[in-house]
Amino acid sequence: MKVMRFHEFGSSEVLRYEDVDRPVPGTGQVLVRVAATSFNPVDDHIRAGVLAEMIPITLPYVPGIDLAGTVAELGADVIGLEVGDRVVAMLPLDSAGGAAEYVLAPAESLAPAPRTTELVDAAALPLTGLAAWQTAFELAELKPGQTVLVNGAGGAVGSLVVQLAVDAGAHVTAVDASQHADRLRGYGADRVVGPLASTAGPAAVGGPFQVVVNHVRVSPEELAQLTNYVADGGVAVSTAGPIPEDPARGVRSASLWVRSDGAQLTELVAKVDAGKLRLHVAAHRPVAELAAVHEEAGTGRLPGKTVVLAP
Ligand SMILES: NC(=O)c1ccc[n+]([C@@H]2O[C@H](COP(=O)([O-])OP(=O)(O)OC[C@H]3O[C@@H](n4cnc5c(N)ncnc54)[C@H](OP(=O)(O)O)[C@@H]3O)[C@@H](O)[C@H]2O)c1
């Protein structure tokens, strides 16, 4: 089968399109015929080698943490699935990914794919959906009626946090460039504002907020500014660098390290099928172009969430 993989860390040029043997599912594993994976910023960091200590991968490595596809073969002791089922998963970060014709997935990572989207577009959901869920409900412990500021709201994770927060009954202020504004209003954000000017302060955007969520990779100084947007007793959660706490005001802080969870993914899929969670796919690219996708992401030219189609 065809895979896209790299044998050494480096720039996007280390990615190679190669033929390998089709894997055989072991106990508790499912062989999935890949329809698509999607690009996430962490793919770029893993390939560059900057996460080698945190995510100990084995080379050669097939990238692609997201998976949408159909069950091709079941390993021993796998129950509740049948060949031909449409599934999605966030694959383990340290094993072969979805930039391939086939991939092995742990059975417990799988959820039924949404019925209301194209199967390939469902590859936009797993990692970002789980990141959004764990940010909103596990780390921020979001409650109905709370005020929430989402920085980087138009991005892949931010768009899902906005929708989960609105669905949970929170009042959302979404921060991102103006090109995302109409879409963010469509998700139900109460207020949509442009990037936070360092001098404007929380009152200028209707703050402070009980929950502040950050998805923008900024300097430590800019992260420290975000603490000022959190109300006394509130919480700041970031997926892109730690926001300092302020114990004197009872402001706590948490950083996300997303994990695979088939049960949470099943709940996210149900929200997609109920029309409460919309997936925004900016582009579809064949896996043979994955090196170009990585290169464009690294230079800020990727148009948004990019689904990568299997061979
Ligand atoms: N630790 C974890 O477990 C985990 C999990 C998932 C994601 N992450 C991280 O979370 C971050 C977001 O991921 P993503 O997939 O959502 O990325 P993304 O799609 O690129 O989203 C980032 C968003 O931030 C916007 N933005 C850039 N500069 C901004 C500014 N100064 N003010 C307001 N908005 C700004 C971007 O707008 P434009 O598109 O207009 O530039 C984009 O909409 C990445 O750093 C990723 O690595 C971490």
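For every chain, the first residue of its written sequence is number 1, and the numbers climb from 1 along that sequence. Owing to the predicted nature of the model, reporting of local features is limited to residues with pLDDT of at least 70; listing and counting of side-chain atom pairs is limited to 80 or more, with chain, interface and lining totals taken over all residues. Only heavy atoms go into the side-chain values, all of them from the structure, while hydrogens and water stay out.

Draft legend 1. Representation of helix α3 (residues 156-167). Secondary structure follows DSSP: runs of H or I at least 4 residues long count as helices, runs of E at least 2 residues long count as strands, and numbering of each begins at the N terminus. Any helix carries an expected span of 1.5 Å times its number of residues minus one. The terminal C-alpha atoms of α3, which comprises 12 residues, lie 17 Å apart, in line with the 16 Å expected from a rise of 1.5 Å per residue. For every residue, the accessible area obtained with a 1.4 Å probe (protein chains only) is divided by the maximum for its type, and the residue is called buried under 20%, exposed over 50%, and partly exposed between those limits. Of the residues making up α3, those classed as buried are V157, G158, S159, L160, V161, V162, Q163, L164 and A165. Any two residues having at least one pair of non-hydrogen atoms within 4.5 Å are treated as being in contact. On its buried face, α3 sits against α2 (126-139), β8 (147-151), β9 (171-175), α4 (181-186), β11 (209-214) and α6 (262-273). Looking one or two residues past α3, G169 carries a phi angle of roughly 90 degrees, positive in sign.

Draft legend 2. Up close: the packing of aromatic side chains. Pairing of aromatic side chains here covers Phe, Tyr and the six-membered ring of Trp, requires ring centres within 6.5 Å, and sorts the geometry by plane angle: under 30 degrees stacked, over 60 edge-to-face, intermediate tilted. Per the stated rule, a full pass over the model turns up 3 aromatic pairs. Ring centres of F6 and Y61 lie 5.5 Å apart, and the angle between their planes is 50 degrees; this geometry places the pair in the tilted category. Of the two residues, F6 is situated in strand β1 (residues 2-6) and Y61 in the loop between α1 (41-48) and β4 (66-74); the sequence distance between them amounts to 55 residues. No difference in accessibility class separates F6 from Y61, as the two residues are buried. Lysine NZ or arginine CZ positioned within 6 Å of the ring centre and within 35 degrees of the ring normal marks a charge as sitting over the ring. The ring centre of Y17 lies 5.5 Å from the NZ or CZ of K2, which sits over that ring. Geometry around Y102 places R22 over its ring, the cationic atom sitting 4.1 Å from the centre.

Draft legend 3. Highlighting the nonpolar core. Grouped together as the largest cluster of nonpolar side chains are 76 residues, with contacts concentrated most on I46, V88, L125, V162 and L268. Counting residues domain by domain, this core receives three or more from each of domain 1 (2-125 + 279-309) and domain 2 (128-255). Each residue touching L268, except ones within four places of it in the same chain, is listed here: L125, G129, L130, W133, L164 and L277. Here the nonpolar core consists of buried residues drawn from Ala, Val, Leu, Ile, Met, Phe, Trp, Tyr and Cys, with membership extended through side-chain atoms lying within 4.5 Å. Core analysis: the second largest hydrophobic core is formed by 14 residues, V32, L67, L91 and L110 among them. As annotated, the domain borders come from an automatic or database domain assignment.

Draft legend 4. Region of the structure containing the sheet that holds strand β13 (residues 252-255). Paired strands, in this sense, are two strands between which DSSP finds at least two bridges. The sheet built from 6 strands is open, its strands ordered β10-β9-β8-β11-β12-β13 with parallel pairing. Among the strands making up the open sheet, the edge pair consists of β10 (191-193) and β13. With strand direction ignored, the average angle separating the axes of adjacent strands in the sheet is 15 degrees. Throughout, an axis means a line fitted to C-alpha atoms (over the contacting stretch in the case of helices), and angles, computed between N-to-C directions, take values from 0 to 180 degrees. Docked against the sheet, α3 engages β8, β9 and β11, running at close to 165 degrees with respect to β9. Contacting β8, β11 and β12 (230-238), helix α5 (residues 220-227) crosses the sheet at an angle of about 145 degrees to β12.

Draft legend 5. Spatial organisation of the domain arrangement of the protein. Parsing the protein into structural domains produces domain 1 (2-125 + 279-309) and domain 2 (128-255). For domain 1 and domain 2, the distance between their C-alpha centres works out to 28 Å. Between domain 1 and domain 2, the contact holds 7 residues from the first and 7 residues from the second. Buried area counts how much accessible surface, traced with a 1.4 Å probe, disappears from two parts once they are put together, with both parts' losses summed. Both sides together, the interface formed by domain 1 and domain 2 hides about 550 Å², and carbon and sulfur atoms give 58% of it.

Draft legend 6. Here's a closer look at α2. Between the first and last C-alpha of α2 there are 18 Å, a value that for 14 residues agrees with the 20 Å anticipated at 1.5 Å per step. Counting buried residues along α2, 11 of its 14 residues qualify, which places the element largely inside the surrounding structure. Buried within α2 we find P126, L127, T128, G129, L130, A131, A132, W133, Q134, T135 and A136. Phi for E141, located one or two positions after α2, is positive at around 50 degrees.

Draft legend 7. Examining the site of the ligand more closely. For this purpose, a residue is taken to be near a molecule or strand whenever a single non-hydrogen atom of the residue falls within 4 Å of it. In the neighbourhood of the ligand, 23 residues make up the surrounding shell, with V157, D176, T239, L256 and V258 lying closest. Each polar contact in these results corresponds to two N or O atoms within 3.5 Å; when the atoms are within protein, one needs to be able to donate a hydrogen and the other to accept it, and residues that are neighboring in sequence are counted only if both atoms are side-chain atoms. Taking G155, its main chain carries an N or O atom lying 3.0 Å from an oxygen atom of the ligand. T239 places a side-chain nitrogen or oxygen 2.8 Å from an oxygen atom of the ligand. Areas reported here follow the Shrake-Rupley algorithm with a probe of radius 1.4 Å; residue values treat only the protein chains shown as occluding. Within the complex, the protein chains bury 72% of what would otherwise be the 930 Å² of accessible surface of the ligand. Elements supplying a minimum of two residues to the shell around the ligand: α2 and α3. Residues of the shell around the ligand, tallied by class, amount to 13 nonpolar, 8 polar and 2 charged. In the scheme used here, Gly and all other residues not listed as nonpolar or charged are polar, with Ala, Val, Leu, Ile, Met, Phe, Trp, Tyr, Cys and Pro taken as nonpolar and Asp, Glu, Lys and Arg as charged.

Draft legend 8. The arrangement of the pairing of β11 in detail. Across the 6 residues that make up β11, a large majority, 5, are buried. Taken together, the 4 bridges between β8 and β11 define a ladder with parallel strand orientation. Pairing of N151 across the sheet is with N214, part of β11. With α5 bridging β11 and its parallel neighbour β12, the resulting β-α-β unit is right-handed. A right-handed crossover is one whose linking path, passing over the helix from the first strand to the second, runs clockwise when the strands point away from the viewer.

Draft legend 9. Molecular detail of the environment of V287. With respect to the secondary-structure elements, V287 resides in the loop between β14 (283-286) and α7 (290-298). Put simply, V287 and Y17 are 270 residues apart on the chain and 8.7 Å apart in space, counted from C-alpha to C-alpha.

Draft legend 10. Spotlight on the packing of α2 against α6. Where α2 meets α6, the axes come as close as 10 Å, and the angle between the chain directions of the two elements is 100 degrees. With respect to each other, α2 and α6 are oriented roughly perpendicular. Contacts from P126, G129, L130, W133, Q134 and E138 of α2 reach α6 at Q264, L265, E267, L268 and K271. Considered class by class, the residues forming the contact of α2 with α6 number 5 nonpolar, 3 polar and 3 charged. Throughout, the term roughly parallel applies to angles under 35 degrees, roughly antiparallel to angles over 145, roughly perpendicular to angles from 65 to 115, and oblique to all others.

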